[in-house]
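The primary structure of each chain is shown beneath.
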Amino acid sequence: MNLLSIALRNLRYRKLASFLTALSMALGVALVVLVLTISGVIEKSLEKTSNVGYNLIVGAKGSPLQLVFNTVFFLSQPVENVPYAYYMEYLPADGRQKEYQRIGGELKEPERSGLYSFLMQGGFAIPLCMGDYVDEFRCVATTPDYFGLLKHGDLNDQDYRFSQGRNFVDYSEDYGFFEAVVGSQVADRLGLKPGSQIFASHGAESGQAHGQGFVVVGILEPTGSPNDRGAFVNIEGFYLLEGHVAPERDEESGLEKRGTAQGPQRQGVLSKVRLPVEKREVTAILLKPNGFAAMSMEKQINKTKFAQAVSPIGQIEGLLGVFVRPLRWAFLGLTSLVVIVSAISILVSIYNSMNDRKKDIAVMRALGASRDHITAIILLESLLIALAGGLVGWLVGHALGPLSNAWTMPTTGVKIDWFAVQSRWELWIVPGLVFLGTMAGAIPAMAAYRTPVARNL
Amino acid sequence: MSQSQDCALLSICDLKKFYDQPGGGKLTILDVPEFQIARGEQVVLRGESGSGKTTLLHVISGIVPADSGSIRLEGVELMQFSEAKRDRIRAAKMGYVFQTFNLLPAFTALENVRLGMSFARGELDIERAKDLLNRVGLHDRMHYLPGQLSVGQQQRVAVARALVNRPILLLADEPTANVDPANQERMIELIAKQCQEESVALLLVTHSDAVASRFSRVEQLSEINRALRTASV
Ligand SMILES: Nc1ncnc2c1ncn2[C@@H]1O[C@H](COP(=O)(O)OP(=O)(O)OP(=O)(O)O)[C@@H](O)[C@H]1O
Ligand SMILES: [Mg+2]
């Protein structure tokens, strides 16, 4: 019999203790793997999603992180709005005049170009209105540019494609301003097809649904991004819904003038009458300025009282650095402690058995086993428990990863695959187990090494 | 002694072993000027309790180091070797049967016998292990754990284990002390017979007159061990 089978026999003889110590090791390692997997997925999804293809989000003054979460991840509470006229300052070249001609209404100095237009050459600005829901999904009112100009994917180089239908348009002969595109999860969940109607409900998931619906004309291919969870409606139609008309405000106090939040008179769904500029607001503006202008632009915008500009990548990096990574380390520390405690329980279990085994050791020595043989057998026992428990824990941890998809996928958009190694730290598990197993075995092995033979025969 | 030192299998010369006394100072346990065993010879060792029989067997096997003197096995001086080397020699050339607790409880009878082959360099011959268990009459108990065997059966497994490695010297320390007289007879018969068949020299410690009377060479430790003479004077 070789040393390995001798060690295995000894473990089998103390079945219960071996099983329990291996179990505690399995539990610890499973927890470590789970923490690594989930934190890896969260980090990856945050990093990936914050790489959005625009440099800045401009919105009302307030929490920058909330603006990012609201705009990029469709999470968190809706934020305040800024006037549509403010958005028009970011339009490149003669964009401001063209936009004014398209919409109409009251605008000061309509003939001049936007104040920031000189920084926007070759870039774009896309307006978003948020705050409504379609069932439990966020309703995002925007322009067709959202899918026309933005890209997605890890390298941000993939065009948005539609598994069914097409992008919505500014005005269609069939549905007027009331076209919509939905993300893949929304379509699956609500059973939507091109031609289905969706209704935005005001303010909250449970809010009152607007009477005017939008016709789904396209369903996005899955992107693995929060856009899979979005219901995108034409901003022109959105403004025509009840309650989406911005009231006039007193110039001194900023308070709203009662009875001024009136929509335009329209005849039928196909009417081409739009909500005038002065009654429009936007929640966020996605900005891709010209070249390297983003940095200076962010500073300039943030100096104003009116609005803030935030860089999603900067905010997410900040979040990762301040919150996610330290939290991961904290969890990793706690779960590693479980692993260390189970290593200690291996130590205690084997050490406790040493008293009963003094005679065994003496007999083996009398059969010609050297001190090194005895030491090796004890170390092997400890290593076997640590590795067997650890391996089971590793498998269980990875099996639990996909099971947690139901919980993590809707928010992160990242699917955890079986045995997908989410963190390079996982590569340390096996050397770590060997180290811990050896350490746990070292003390009893030393005791075994010193066991006097003659006195135990 | 009739054999010359050269043809002796085991030859002991001026062997001394001391133990620290609890109160301080050293107590001489063994002081053996000369003791020899020839190849295949069967020797019974007798002596009062506490006279140093077990200690002598320990020292010969290398489990306990001697303090001075010479122990030669097949003419090779063992005292010069390190503990690890003595372990290897014990594994390869000696078999040991104890009074009690011979078997490891986690291992079956067969595994216990195979354990006897585990620490010597060489082939692990499972057929040899089975054959020996057959010869001690335990062919139907091979896969029993020690806890499932009677004391006599356990001792027979121990005999098989001590012989499995084809040793040249079998050390048996009161192997029948816990066996009833009828079985004691058969046990000794078995050991003597197996040793003879494999031409293994035997050094057997016993308190039993009946056992001793079976053997032609019976040594009183008090005759060999000068430590006892000085102490008793
Ligand atoms: N580790 C030790 N430290 C001190 N003295 C020891 C030690 N081991 C044995 N002795 C002493 O050596 C003497 C011989 O012991 P040993 O076990 O060899 O006797 P024995 O002849 O085998 O006796 P028994 O027939 O009872 O088995 C005893 O007096 C004992 O007290
Ligand atoms: Mg004794």
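Residues numbered from 1 in each chain as written. Chains lettered and ligands numbered in written order. Predicted model: local features only at pLDDT ≥ 70, side-chain atom pairs only at ≥ 80, totals over all residues. Heavy atoms only, no water.

## Observations regarding the interface of chain B and chain A
Right, so step 1: In this complex, chain B contributes 22 residues to the contact, which on the side of chain A involves 22 residues.
Right, so step 2: In this assembly, chain B packs against chain A so that about 2300 Å² is buried in total across both faces, 66% of it on carbon and sulfur atoms.
Right, so step 3: In this structure, the connection of chain B to chain A is made through four salt bridges.
Right, so step 4: Taken together, the links from chain B to chain A amount to six residue pairs in polar contact (both at pLDDT 80 or more).
Right, so step 5: Listing elements by their share of the side of chain B that touches chain A, those giving two or more residues are helix H2 (83-93) and helix H3 (109-118) of chain B.
Right, so step 6: When residues of the side of chain B that touches chain A are assigned to their parent elements, the largest contribution, five residues, is made by H3(B).
Right, so step 7: Partitioning the side of chain B that touches chain A into residue classes produces twelve nonpolar, four polar and six charged. (Contact = heavy atoms within 4.5 Å. Buried area = accessible area lost by both parts, 1.4 Å probe. Salt bridge = Lys/Arg side-chain N within 4 Å of Asp/Glu carboxyl O. Polar contact = N/O pair within 3.5 Å; in protein donor to acceptor, adjacent residues only side chain to side chain. Helix = DSSP H or I, 4+ residues; strand = E, 2+ residues; numbered from the N terminus. Nonpolar A, V, L, I, M, F, W, Y, C, P; charged D, E, K, R; others polar.)

## Some thoughts on the pattern of salt bridges
Right, so step 1: One pass over the structure, following the stated rule, counts 39 salt bridges over all chains.
Right, so step 2: Here A:Glu381 ties to A:Arg357 by a salt bridge, and the two come within 2.6 Å at their closest N and O atoms. Of this pair, A:Glu381 sits in helix H11 (residues 371-403) while A:Arg357 is found in helix H10 (residues 312-366), placing the two residues 24 residues apart along the sequence. Each member of the pair, A:Glu381 as well as A:Arg357, is classed as buried.
Right, so step 3: Residue B:Arg135 pairs with B:Glu198 through a salt bridge whose shortest N-O separation is 2.9 Å. (Buried < 20%, exposed > 50% of the residue type's maximum accessible area, 1.4 Å probe, protein only.)

## Concerning the sheet that holds strand E7 (residues 169-173) of chain B
All names here are of chain B.
Right, so step 1: In spatial order, the strands read E6-E7-E8-E3-E9; together these five strands make up an open sheet with parallel pairing. In this open sheet, the two strands that pair with only one neighbour each are strand E6 (94-97) and strand E9 (217-220). Pairs of neighbouring strands in the sheet enclose a mean axial angle of 20°, with direction left out of account. (Pairing = 2+ DSSP bridges. Axes fitted to C-alpha atoms, helices over the stretch in contact; angles between N-to-C directions.)

## Digging into a nonpolar patch on the surface
Right, so step 1: On the surface, a nonpolar cluster with roughly 860 Å² of combined accessible area is contributed by A:Val322, A:Phe323, A:Leu327, A:Phe331, A:Leu334, A:Leu337, A:Ile340, A:Ile344 and A:Val348.
Right, so step 2: Of note, A:Ile340 is situated in helix H10. (Patch = residues over 30% accessible without salt bridge, like charges linked within 9 Å, V, L, I, M, F, W, Y side chains within 5 Å. Areas by Shrake-Rupley, 256 points an atom, 1.4 Å probe, with all protein chains shown as cover.)

## A word on the domain arrangement of chain A
Right, so step 1: Entries for chain A in the domain assignment read domain 1 (3-45 + 319-456) and domain 2 (56-309).
Right, so step 2: In this structure, domain 1 of chain A and domain 2 of chain A have C-alpha centres spaced 53 Å apart. (Domains from an automatic or database assignment.)

## A word on the environment of B:Glu174
Residues and elements named next belong to chain B.
Right, so step 1: Mapped onto the fold, glutamate 174 is located in the loop between E7 and helix H6 (181-197).
Right, so step 2: The exposure class assigned to glutamate 174 is buried, which follows from its relative accessible area of 13%.
Right, so step 3: Sequence-distant contacts of glutamate 174, that is, excluding residues within four places in its chain, are made with Lys53, Gln99, Val205, Thr206 and His207.

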